[in-house]
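Coordinate analysis (summary)
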Amino acid sequence: MKLKLFVAAVALASAGTAAAQDTVRIGLVQPLTGPVAYDGNGYANTVKMLVEDMNAKGGVLGKKIELMVEDGACNPAQSVNAAEKLVTRDKVVALIGAFCSTSTAAMMEVARKHKVPHITAVSTAAQLTEQNNPYFFRAVATTPMLGNSFGGELPSAVKGKRFAFLVINDDWGRSMVASYPATLQKAGGTIVATEFFQSSELQFLSLITKIKSSNPDAIILAANSQHAAALSKQIRELGITVPLIGEGSWTSDSYFKLAGPAAEGVYGLVEYVYTVKNPINEAFVRMSRDKLKENPSKFSGASHTAFNIMVDAIRRAGAADPEKIRAALTQTNYNGVVGNIRFDEKNQAYGQDVYLAIIKGGVPEVVRTAKIAKP
């Protein structure tokens, strides 16, 4: 019996290896459950759409792309287990994920251990690219980069000087609070209040009341769809009419649907917005509307960027070999939905555009654009 089980296990492993050789396997870890599942599923569905489209056009290296998807739930331990499974059992040659910065930080160590290239276009915590991990690449601006690009623009954009922060209590929110004040203050702004909320919260009235008492001219927020909608509704319900400026899902259809009239006039400080006019983005928007029946969100744009950069590297590597793909990633010179992207010596992206957009009639209208400089 033991011999039969052993033979069966070997046969299963061999079948998996053979399948991996017949296709190019890419692993995706996203929060399909948990507090940011809405955005994580949107990200995953977009990548599935892109894989289907690319396979219809011949795939890469003459092979079909096989997408292997795992739920990381924005939980570091679960994301590690997901990445381990993808690499050791499913034999993927590249990893994309894991959305939340803490989970990405954990997952990138799996990539380092197994020498598999790993990319994110969502996680913005600055320390991720300070770990000297040659297998990790970030195709998105860090929160400090966004702060440097736009912090000094906010006083004139909203015609105010007194700013309050109301942000999620994680690496992202804390990084935002640490990054924006310097450029805000140089432009004549002052910080009058700072409050943090937990990812498990959806009732914010006590925090909003504290913010209101500081009499801000504008409130800066860090939140994804569900939190963003609840925050904007509750802020308006308490009679606060000052401009809201958000990093996160503030220009996405998902936010508009959940927030309703409370979304009107809100500013999104984002790395992607579907109303940007360039041929690559316009084709992507048409595909998303046709296949997914919605406009691409910030996270859809991120998935388009991360997936296409990885496939571009696989194509230039000339083989589905993790080490060759990693080397090709370092030479990235990719033109996509947000312009040109390259990686610096720490594998941090630069050169792409970022946007300040205001919501008018449920449509994000870009009011200012900045380019991410090389660090």
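What counts, and where the lines are drawn
Residues numbered from 1 in each chain as written. Predicted model: local features only at pLDDT ≥ 70, side-chain atom pairs only at ≥ 80, totals over all residues. Heavy atoms only, no water. Helix = DSSP H or I, 4+ residues; strand = E, 2+ residues; numbered from the N terminus. Rg over C-alpha atoms; globule rule 2.2 N^0.38 Å. Buried < 20%, exposed > 50% of the residue type's maximum accessible area, 1.4 Å probe, protein only. Contact = heavy atoms within 4.5 Å. Areas by Shrake-Rupley, 256 points an atom, 1.4 Å probe, with all protein chains shown as cover. Lys, Arg positive; Asp, Glu negative; His and termini not counted. Charge placed at Lys NZ, Arg CZ, Asp CG, Glu CD. Pairing = 2+ DSSP bridges. Right-handed = clockwise from strand over helix to strand, strands pointing away. Core = buried A, V, L, I, M, F, W, Y, C linked by side-chain atoms within 4.5 Å. Phe/Tyr/Trp six-rings, centres within 6.5 Å; stacked < 30°, edge-to-face > 60°. Arc of directions from axis to C-beta. Axes fitted to C-alpha atoms, helices over the stretch in contact; angles between N-to-C directions. Parallel < 35°, antiparallel > 145°, perpendicular 65-115°, else oblique. Left-handed = near helix turned anticlockwise from the far one by under 90°. Nonpolar A, V, L, I, M, F, W, Y, C, P; charged D, E, K, R; others polar. Disulfide = S-S within 2.5 Å.

**Comments concerning the overall build of the chain**
- For the chain, the helix and strand inventory stands at 13 helices and 15 strands.
- The C-alpha atoms of the chain give 21 Å as radius of gyration, which agrees with the globular expectation for 375 residues (21 Å, within 12%).
- Each principal axis of the C-alpha atoms in the chain carries an extent, and together these give about 75 × 45 × 40 Å.
- Within the span of the chain, comprising 375 residues, buried residues form 58% of the whole.
- Considering only intrachain contacts with a sequence separation of at least 6, the fraction spanning at least 24 residues in the chain is 66%.
- Accessible area for the chain stands at about 15,000 Å²; split by element, carbon and sulfur atoms hold 54% of it.
- Taking the average place of the 40 positive charges on the side chains of the chain and the average place of its 32 negative ones, the gap between the two points comes to 2 Å.

**With respect to the pairing of strand β7 (residues 190-197)**
- The pairing of strand β6 (residues 162-168) with β7 spans seven bridges and is parallel. Within β7, the position partnered with Ala-164 by the bridge is Ala-193.
- As a crossover connection, the stretch from β6 through helix α7 (residues 171-186) into β7 is right-handed.

**Overview of the nonpolar core**
- Counting 54 residues, the largest nonpolar core has Ile-219, Ile-245 and Tyr-255 as the members making the most contacts within it.
- Apart from the residues within four sequence positions on either side, Ile-245 is in contact with Leu-154, Val-158, Phe-163, Ala-218, Ile-219, Ile-220, Leu-221, Tyr-267, Leu-269 and Leu-356.
- Counting 53 residues, the second largest nonpolar core, distinct from the first, contains Tyr-43, Leu-67, Val-311 and Val-337.

**A look at the packing of aromatic side chains**
- The full count for this structure, using the stated rule, is seven aromatic pairs.
- Between Phe-99 and Phe-299, the aromatic rings sit 4.8 Å apart at their centres with planes inclined by 40°, giving tilted as the arrangement. With Phe-99 in the loop between β3 (94-97) and α4 (101-114) and Phe-299 in helix α12 (residues 298-317), the pair connects residues that are 200 residues apart, well separated along the chain. Residue Phe-99 shares its accessibility class with Phe-299, and that shared class is buried.
- Through a chain of ring-to-ring contacts, the aromatic side chains of Trp-250, Tyr-255 and Phe-256 assemble into a single cluster.

**Description of helix α13 (residues 322-330)**
- Buried within α13 are the following residues: Ile-325, Arg-326, Ala-328 and Leu-329. Buried residues of α13, seen end-on, are gathered within an arc of 165° and therefore sit on one face of the element.
- Tucked into the core, α13 has its buried residues touching β5 (136-138), α12 and β12 (339-343).

**Observations concerning the packing of helix α5 (residues 143-150) against α7**
- At a minimum axis distance of 8 Å, the contact between α5 and α7 shows a crossing angle of 25°. Looking at the two axes, α5 sits roughly parallel to α7. Between α5 and α7 the crossing geometry is right-handed. Residues Thr-143, Pro-144, Leu-146, Gly-147 and Asn-148 of α5 form the contact with α7, whose own contacting residues are Trp-172, Ser-175, Met-176, Ser-179, Tyr-180 and Thr-183.
- In terms of residue class, the contact of α5 with α7 is made up of five nonpolar, six polar and no charged.

**So, the state of the cysteines**
- Applying the stated criterion to the full structure yields one disulfide.
- Between Cys-74 and Cys-100 runs a disulfide, and the two sulfur atoms are separated by 2.0 Å. On the sign convention where negative means left-handed, the S-S torsion of about 90° between Cys-74 and Cys-100 marks this disulfide as right-handed. Within this pair, whereas Cys-74 is found in the loop between β2 (64-71) and α3 (76-89), its partner Cys-100 is found in the loop between β3 and α4, the two being separated by 26 residues in sequence. The two residues Cys-74 and Cys-100 agree in class, both being buried.

**Quick look at the pairing of strand β9 (residues 244-248)**
- Buried residues dominate β9, accounting for five of its five residues.
- The two faces of β9 match: Leu-244, Gly-246 and Gly-248 on one face and Ile-245 and Glu-247 on the other face are all buried.
- Where strand β8 (residues 218-223) lies against β9, five bridges are found, and the strand directions are parallel. Bridged to Leu-221 within β9 is Gly-246.
- In this fold, the crossover linking β8 to β9 by way of helix α9 (residues 225-237) has right-handed handedness.
- By the bridge criterion, two bridges tie β9 to strand β10 (residues 267-270) in an arrangement that is parallel. Note on β10: the bridge partner recorded for Gly-246 is Gly-268.

The values reported here are purely geometric and, on their own, carry no functional implication.
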